[in-house]
Amino acid sequence: MSVFTAHTAETAPAGARRSIEGVRGRFGWLPTPVALMADSPQLLTGFLTASAGFEQTDLAPLEREVVILAISTSHECHFCVALHTGKLTQLGATAELITALRAGSALPEPRLEALRRFTLAVLDHRGGVPDDELDDFLSAGYQPRHALDVVLGVGAYTMSTFANRLTRAPLDPPLAAHAWTPTTRSSANHAPH
């Protein structure tokens, strides 16, 4: 039995109602994780604000999805992996790229692989990324600002993945085609440094 409530716009705390309506308008349906996060209007607003900021970074849409999938697989968030697999598909990502991201394995494109590895390094080292790993990221053509953009993505999607796991958010039917289950513990998803 869950202690968390999946809210509607009518049952949510007043501070979450506008956010719920905005998300429902964007998706055409209300994702259960948003309905569950609405119990804390501050968490919901914080996540939506941080993720909107991440969408405005200098990283390209496909690059942002690489960051999100690296975080989501590392944190074993089945909902986020399914949702963002759909976004990758909409962006025209190759099946090879999507499969590698979902498996937590090396990506076929070296620049995107550098981004994935750097994202995992930020997570693994709690921001204290060793110089050689930062150098590898910058050598792939990224700028220092991109490293900070990754930190914003890590912050935003750590909020959502942790909340989704805590509330045991179920996979909504519109995402069933992209269902995902981790094959091993998240540490096995990290490439060796």
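Residues numbered from 1 in each chain as written. Predicted model: local features only at pLDDT ≥ 70, side-chain atom pairs only at ≥ 80, totals over all residues. Heavy atoms only, no water.

Caption draft 1: Layout of the overall build of the protein chain. The secondary structure content of the protein chain amounts to nine helices and zero strands. Helices and strands in the protein chain line up, N terminus first, as α-α-α-α-α-α-α-α-α. Scaling as 2.2 N^0.38, a compact globule of 193 residues should have a C-alpha radius of gyration of about 16 Å, and the protein chain matches this with 17 Å. The dimensions of the protein chain, computed from C-alpha atoms along their principal axes, are 50 × 30 × 30 Å. Looking at the protein chain as a whole, 48% of its 193 residues are labelled buried. Nonlocal contacts in the protein chain, meaning residues at least 24 apart in sequence, comprise 70% of its contacts between residues at least 6 apart. (Helix = DSSP H or I, 4+ residues; strand = E, 2+ residues; numbered from the N terminus. Rg over C-alpha atoms; globule rule 2.2 N^0.38 Å. Buried < 20%, exposed > 50% of the residue type's maximum accessible area, 1.4 Å probe, protein only. Contact = heavy atoms within 4.5 Å.)

Caption draft 2: The packing of helix α7 (residues 110-124) against helix α8 (residues 131-139), seen in detail. Running from amino to carboxyl end, α7 crosses α8 at an angle of 150°, the nearest separation of the two axes being 9 Å. With respect to α8, the axis of α7 lies roughly antiparallel. Handedness of the crossing formed by α7 with α8: left-handed. Touching Ala 114, Leu 115, Phe 118 and Ala 121 of α7 are Glu 133, Leu 134, Asp 136 and Phe 137, all from α8. Looking at side-chain class alone, the contact of α7 with α8 contains six nonpolar, no polar and two charged residues. (Axes fitted to C-alpha atoms, helices over the stretch in contact; angles between N-to-C directions. Parallel < 35°, antiparallel > 145°, perpendicular 65-115°, else oblique. Left-handed = near helix turned anticlockwise from the far one by under 90°. Nonpolar A, V, L, I, M, F, W, Y, C, P; charged D, E, K, R; others polar.)

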